[in-house]
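Residue-level structure breakdown
Below are the chains, spelled out letter by letter.
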Amino acid sequence: MEKTINLGGVEYKLRSSLFTIISYRSTFGTELFSDIKQIEKVSNANEEDLTTIIDTIFKLTYILHKPFTNKSYDEFLNDFDFSIITNAKELENLSSVIAELIGTIKKVDDKNTP
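**Quick word on the pairing of strand E1 (residues 2-7)**
- Pairing geometry for E1 and strand E2 (residues 10-15), over six bridges, is antiparallel. For Lys3, the partnering residue across the bridge sits in E2 and is Leu14.
- Here E1 hands over to E2 after two residues, with Gly8 in that stretch at a positive phi of 60 degrees.

**Some remarks on the pattern of salt bridges**
- Here the structure, examined in full by the defined rule, presents six salt bridges.
- Between Lys13 and Glu2 there is a salt bridge, and its shortest N-O distance comes to 3.7 Å. On the criterion of sequence distance, the pair formed by Lys13 in strand E2 and Glu2 in strand E1 is long-range, its members being 11 residues apart.
- We classify Lys13 as partly exposed; its relative accessible area is 37%.
- Residues Lys3 and Glu100 are paired through a salt bridge, measuring 3.0 Å at the closest nitrogen-oxygen approach. Here Lys3 is found in strand E1, whereas its partner Glu100 is found in helix H5 (residues 88-102), with 97 residues between them in sequence.

**Structural notes on the environment of Gly103**
- Tracing the sequence through the fold places Gly103 in the segment after H5.
- Owing to a relative accessible area of 37%, Gly103 belongs among the partly exposed residues under this scheme.
- Counting along the chain gives 87 residues from Gly103 to Ser16, while the straight-line C-alpha distance between them is 9.4 Å.

**Quick look at H5**
- Taking 1.5 Å of rise per residue, 15 residues should cover 21 Å, and H5 covers 21 Å from first to last C-alpha, within 8% of that figure.
- All of the buried residues along H5 are Glu90, Leu91, Leu94, Val97, Ile98, Leu101 and Ile102. Along the axis of H5, the buried residues cluster in a sector spanning 125 degrees; they form a single face. For H5, the exposed residues lying more than 90 degrees away from the buried face are Lys89 and Glu92.

**A few points about the side chain of Thr61**
- Summarising the element assignment, Thr61 is placed in helix H3 (residues 47-65).
- Owing to a relative accessible area of 0%, Thr61 belongs among the buried residues under this scheme.
- Excluding anything up to four places from it in sequence, Thr61 contacts Leu7, Leu14, Phe76, Leu94 and Ile98.

About the thresholds
- Residues numbered from 1 in each chain as written.
- Predicted model: local features only at pLDDT ≥ 70, side-chain atom pairs only at ≥ 80, totals over all residues.
- Heavy atoms only, no water.
- Pairing = 2+ DSSP bridges.
- Helix = DSSP H or I, 4+ residues; strand = E, 2+ residues; numbered from the N terminus.
- Salt bridge = Lys/Arg side-chain N within 4 Å of Asp/Glu carboxyl O.
- Buried < 20%, exposed > 50% of the residue type's maximum accessible area, 1.4 Å probe, protein only.
- Expected span 1.5 Å × (residues − 1).
- Arc of directions from axis to C-beta.
- Contact = heavy atoms within 4.5 Å.

Laid out in structure tokens, this is it:
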């Protein structure tokens, strides 16, 4: 599935596929669904939690945008200034698009695998 999103006045194409899971682990060394669960567990986030949430959101954004760029994660992040994290409307839209794209990937339940 593909979507286009506007962040900081720039349009980014995002794509999800089965490779998203593999690319995320290969790039960041952690499991995509484990990182998403950490975000979902946070309620009444403190400053440290917010940093983790923002970091994970932008890791997900990068991985979903990776099929369309040759930039490293650091280069990708350097395209944004701090105003992006204070724009609640853009972050809500980004989170919704990520949820829609990642929601199309179903985690296999090992107990039900034939």
